[in-house]
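Structural overview for review
Here is what each chain is made of, one letter per residue.
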Amino acid sequence: MSQQQNGDNAVLSKLELISMTGFNGEVFAGFKVHPDKEHIIYPVGNTVIVEHITKNTQNCLSGHTNDVSCIAVSKDGKYIASGQVTYMGFKADVIIWDFKEKELYCRLDLHKVKVQSLAFSPSSRYLVSLGGQDDGSVVVWDVAKKQSVCGSPAAVMSAGMTSCIAYCNNDDHQFVTAGERTIRVWTLDVANRKIRPVDCNMGQLKRYVKCIEVSNDDKYFYCGTTSGDVLQINVSSKLLGMYGPEKDKYSQGVTSLALLWTGEILVGAGDGTVALVKGDKFKKIRHRKLAGCGTISSIALRGAGHQFLVGTGKSKIYRFNLADFENEIMRDCHYSSVEDIAFPYGFSDLFATCSQNDIRVWNAKNCKDLLSITVPNMTCHAIEFTRDGRSIVSAWDDNKIRVFYPESGKLMYQINDAHNKKVTAITTTSDCSRIISGGGEGQVRVWVISNMKATLKEAMKEHKAAVTCIVVKKNDSECISASDDGSCIIWDLNRFTRSVVIFASTLFKCVCYNQEESQAITSGTDRKIGYWEAFNASQIREVDGSKTGAVNGMMVSPDGQHFVTCGDDKLIKVWNYEEGSVTHVGIGHSGEVNKLRICPNQKTIVSVSKDGAILCWKYPHGSTDNY
């Protein structure tokens, strides 16, 4: 097991990452099928995932410091290249990965702020990279020497941003760039270390190009535009050949293209349409509109293209058959921040997560989604399974509490106007008779459940800001609530009054009882983890929970020996409860981590983050059985 040094020079073990679920569909042409036809390659945050299609095994290529913005795969399959975005004034890295070894081959840094697009030459000898709007340069790299050959501004000053790049299929010394009012064919002169562009003559036509594909014989290249049409341009003469369709243009622009060996073209549009076109004016032969998937950001052929995979802006991956255009969802992920995660009581084989628009139930063993519950245009902030497992209770930003059947996802009942400013926290009692909710206005409310409906029993008004977390004692006599106002309050659930209050100079984000429920541990934006006596709120101990950023999630293990934390530092930490020291650190998230849970059988930790990723880790102090 690999080791890591912490600030006190103690040796920390790294948590073993079992699997990562997620897909950043907003990266254009970011979803690739490897030439071996057995692996798919796609970005999740700052990580590039290489996944075996049939075995579902994953390799995570981690090395970027911020989100991956583009991906390219060499024609021989030997290398993967990925570029990233970064902050204004900083350099954005291009990383070339060795596919066979699944490790970093070299790091190249010349571009500023963002790497917009990448392409390998046919022989994999060169890699050409295109900088983003704040960089505006094209750089050619020698892959073997791991250094730049030459560079040049991507477009003339009067043109707009250059957005995409593509290499010819048979010539190592010719490639194409295109963007807003600019289409250029470049020739690489290695001897003089120069690249020489020739602008394509478009006549009176003005277009913003979003994607390029070069034909197999290098005679033509095709451009998809934001106007909703496709351009065909002759590589040798640099003249516009034809464009179309003239009337039935693609809504929200052409966002992705793929060329088939038959000469037909697959087109992906901004409104979710996938079409097969051919001949003059690019007439549609077949098409499908994918509902609720967002932009078609990637089309990747598997082999000759009898089957092809489609990646969408809302993080869905579809598998299409070319012959009949029948399709199925291969992967469906959260496309925005995952707010919460919950396991059913005593059951580790599935878990639920919530995000913008939906709640999803996942198979914990293979991280496949079993159920998706959609509430359009709303964000779910918290979820909880009732102890008997018969319902999923959820907190929403439209002030409602919704309760769903876990098998079908149908709405059981809902509580309207449960709070004034969003429902921000939720839990249930162990006898399943009460729901306890927290709101953005600071109230903690107790609801009594009977006959498929809930009635308000009591509203407890002490907090002055949003309630972030509520935990109930095992005997249902008390609960503790954490709030952004810097207080944690222990409430008597029989008299509905405040028993004890904890104050600190922080915005509390999480709170837990220890196993005996004699102590509470808290954390928040001050990065401190506080141990408190539950009966009088006196502080026992305070330790540093993080060096940078708030601690957002915390859970004490079922055996009470350890607890786990997560936060804005993107790390998962396992702590010894008695000693208050870190034993293991998990590195893998590329976004701020919102919540985490130890599964009831203490074999895995599941964590969720703002970039939509769900990571499953091996719990180091759990059962020795194989997961």
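The present account deals with the structure reproduced in this document.

Quick notes on the rules
- Residue positions within a chain follow its written sequence, with the count starting from 1.
- The model is predicted, so local features are restricted to residues of pLDDT at least 70 and side-chain atom pairs to those at 80 or more, both for listing and for counting; the totals for chains, interfaces and linings are taken over all residues.
- Heavy atoms throughout the structure, all of them, feed into the side-chain values; hydrogens and water do not.
- One requirement defines pairing of two strands: DSSP has to find at least two bridges between them.
- We count a stretch as a helix when DSSP gives it H or I for four or more residues in a row; a strand needs E for two or more, and each element gets its number in order from the N terminus.
- What counts as an axis is a line fitted to C-alpha atoms, over the stretch in contact for a helix, and the angles between N-to-C directions run from 0 to 180 degrees.
- Between buried and exposed lies partly exposed: a residue is buried under 20% and exposed over 50% of the maximum accessible area for its type, with that area taken using a 1.4 Å probe on protein chains only.
- Ring pairs are drawn from Phe, Tyr and Trp, using the six-membered ring of Trp, whenever the two centres fall within 6.5 Å, and their geometry is named by plane angle: stacked under 30 degrees, edge-to-face over 60, tilted for the rest.
- Whether a charge lies above a ring is judged from NZ of Lys or CZ of Arg, which has to be within 6 Å of the ring centre and within 35 degrees of the ring normal.
- A carboxyl oxygen of Asp or Glu within 4 Å of a side-chain nitrogen of Lys or Arg is what we treat as a salt bridge.

Our next topic: the sheet that holds strand β50 (residues 539-544). Reading across the sheet, the four strands line up as β47-β48-β49-β50 and stay open at both edges, with antiparallel pairing between neighbours. Each edge of the open sheet is held by one strand with a lone partner, namely β47 (508-513) and β50. With strand direction ignored, the average angle separating the axes of adjacent strands in the sheet is 20°.

Take the sheet that holds strand β45 (residues 487-492) next. Within a sheet, neighbouring strands are paired by backbone hydrogen bonds and run either parallel or antiparallel to one another. Strand order across the open sheet formed by four strands is β43-β44-β45-β46, with antiparallel pairing between neighbours. The strands lining the two open edges of the sheet, one partner per strand, are β43 (467-472) and β46 (497-503). Here the strands of the sheet are splayed against their neighbours by 20° on average, with no regard to which way each runs. Inspection of the sheet shows β43 paired to strand β44 (residues 478-483) by five bridges, in the antiparallel sense. Paired with V467 across the strands is S483, a residue of β44.

Taking burial as the measure, the eight residues of strand β18 (residues 182-189) include seven buried ones, the bulk of the element. Inspection of the sheet shows strand β17 (residues 174-179) paired to β18 by six bridges, in the antiparallel sense. Paired with T177 across the two strands is R184, which belongs to β18. Counting the residues that bridge the hairpin from β17 to β18 gives two residues, and of these R181 lies at a positive phi of roughly 55°. As defined by bridge partners, β18 adjoins strand β19 (residues 194-199) across six bridges and the pair is classed as antiparallel. When the sheet's bridge partners are listed, V185 is paired in β19 with V198. Counting the residues in the hairpin turn of β18 and β19 gives four residues, including R193, whose phi is positive at 50°.

Evaluation of the coordinates by the stated rule reveals 16 aromatic pairs. Relative to F31, the ring of F23 has its centre 5.8 Å away and its plane inclined at 75°; by these criteria the two rings are edge-to-face. A relative accessible area of 2% places F31 in the buried class. Where F308 meets F320, the ring centres are 5.1 Å apart and the plane angle is 10°; that geometry is what we call stacked. Separated by 12 residues along the polypeptide, F308 in strand β29 (residues 307-312) and F320 in strand β30 (residues 316-321) bring together distant segments of the chain. Here the aromatic residues Y531, F563, W575 and Y577 are joined through ring pairs into a cluster of three or more. Looking at K102, its charged tip hangs above the ring of F99, at a distance of 4.1 Å from the centre. The lysine or arginine in question, R541, covers the ring of Y531, its NZ or CZ lying 5.0 Å from the ring centre.

Counted under the stated rule, the structure contains 22 salt bridges. One salt bridge connects D398 with R402, and the closest N-O pair in it is separated by 2.7 Å. Residue class for D398 comes out buried when judged on its relative accessible area of 18%. Ionic contacts of the salt-bridge type, sharing partners, join the residues D332, D358, R360 and D369 into one network.

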